[in-house]
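Here are the chains, one letter per residue:
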Amino acid sequence: MCNRGGPISTEPRINDRIRVPEVRLVGPSGEQVGIVPLAKALELAQEYDLDLVEVAATARPPVCKLMDYGKFKYESAMKAREARKNQAHTVIKEMKLRPKIDPHDYDTKKGHVVRFLKQGDKVKITIMFRGREQSRPELGFRLLQRLADDVQDLGFIESSPKQDGRNMIMVLGPHKKKTEAMAEARAIADARKAERQGRNTGPDAAEADDDAALEAENAAAEAEADEIDEADEADESDVEAATEVEQPAEASQGA
């Protein structure tokens, strides 16, 4: 009788949990032992101080292997963890601009786009029109084309500018894949760490160098946070002045 609603185990059957008369046995080094009675396979497992693990339950007879199951599970978990660590998820960042954006604000926004593309992320650029600007879509088109030209060394136009209500949207894709960007960032971080360690001549120097590096990293992080906050505040003030309700950005993700 089946256990309805109960969890389905994905673990292979091992040792006494194997319930068949005979198995096709594989030795510890992968050698083919052949078809043997289950009792004989369990006896060999005890002699080798290993586990009898069913690796192919649907075969006739089932295939079992002699192995250290605890070590096998640990190594499998570590491989899965490393695979997740190196797995790259495609991220779409968003940057909003006004058709008549100030040159300084444009440079700030462009800096964010450059950083996103260097990280291997896609960037959705949204031009927000207000009032009479809606009758001048060419202003937004020229601005998007200018931005695409300024960052052409890092990204390309994946989705051409399209009008969507009061907004005009363009998607930029990075030339570098996410995995490449992550590997490059790790290599740069390792190189900097090695350089800092190479300059150390003693415990005091090591501590001073670490403190200096920490201060520099904190200062850079604070500066970047202030810069982003300043850009966001400018966007929010523009939106309030427009007295218009913007459409949710998720609706245009597929653009």
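Residues numbered from 1 in each chain as written. Predicted model: local features only at pLDDT ≥ 70, side-chain atom pairs only at ≥ 80, totals over all residues. Heavy atoms only, no water.

Visitor: Where do I start with the overall build of the protein in this structure?
Guide: Check the secondary structure of the protein and you find six helices and eight strands. For the protein, the proportion of its 255 residues judged to be buried stands at 27%. Within the protein, residue pairs in contact and separated by at least 24 positions form 60% of the contacts whose partners lie at least 6 positions apart. As presented, the protein carries roughly 16900 Å² of accessible surface, and 51% of it is formed by carbon and sulfur atoms. (Helix = DSSP H or I, 4+ residues; strand = E, 2+ residues; numbered from the N terminus. Buried < 20%, exposed > 50% of the residue type's maximum accessible area, 1.4 Å probe, protein only. Contact = heavy atoms within 4.5 Å. Areas by Shrake-Rupley, 256 points an atom, 1.4 Å probe, with all protein chains shown as cover.)

Visitor: When you look at the packing of aromatic side chains in this model, what are you seeing that I'm missing?
Guide: Taken as a whole, this structure holds one aromatic pair when the rule is applied. Here Tyr69 and Phe72 contribute two aromatic rings whose centre-to-centre distance is 6.2 Å and whose plane-to-plane angle is 25°, an arrangement assigned as stacked. On the criterion of helical spacing, the pair formed by Tyr69 and Phe72 is a turn pair, its members being three residues apart in helix H2 (residues 69-86). You can call Phe72 partly exposed: its relative accessible area is 39%. (Phe/Tyr/Trp six-rings, centres within 6.5 Å; stacked < 30°, edge-to-face > 60°.)

Visitor: Just checking my understanding: could you explain the pairing of strand E5 (residues 92-97) for this structure?
Guide: A regular strand places its side chains so that they alternate between the two faces of the sheet. Looking at chain direction, E5 and strand E6 (residues 122-128) are connected through six bridges and run parallel. Residue pairing in the sheet places Met95 in a bridge with Ile125 of E6. Since E5 and E6 lie parallel, the crossover through helix H3 (residues 103-118) that links them has a hand, and here it is right-handed. (Pairing = 2+ DSSP bridges. Right-handed = clockwise from strand over helix to strand, strands pointing away.)

Visitor: Any chance you could explain H3 here in plain terms?
Guide: One turn of an α-helix holds 3.6 residues; hence residues three or four places apart share an orientation. Here H3 spans 22 Å end to end across 16 residues, near enough to the 22 Å set by a 1.5 Å rise per residue. If you check which residues of H3 are buried, you get Tyr106, Thr108, Lys109, His112, Val113, Phe116 and Leu117. With a side-chain oxygen lying 2.9 Å from the backbone nitrogen of His104, the N-terminal cap of H3 falls on Asp102. Positive phi shows up at Gly120, right after H3, with a value of about 85°. (Expected span 1.5 Å × (residues − 1). Polar contact = N/O pair within 3.5 Å; in protein donor to acceptor, adjacent residues only side chain to side chain.)

Visitor: Help me understand the pairing of strand E8 (residues 167-174), please; the structure alone is not making it clear to me.
Guide: Among the eight residues in E8, eight count as buried, and that is most of the element. With six bridges joining them, E6 and E8 adopt antiparallel strand pairing. Residue pairing for E8: Ile125 is matched across the bridge by Met170.

In short, geometric facts, not functional conclusions.
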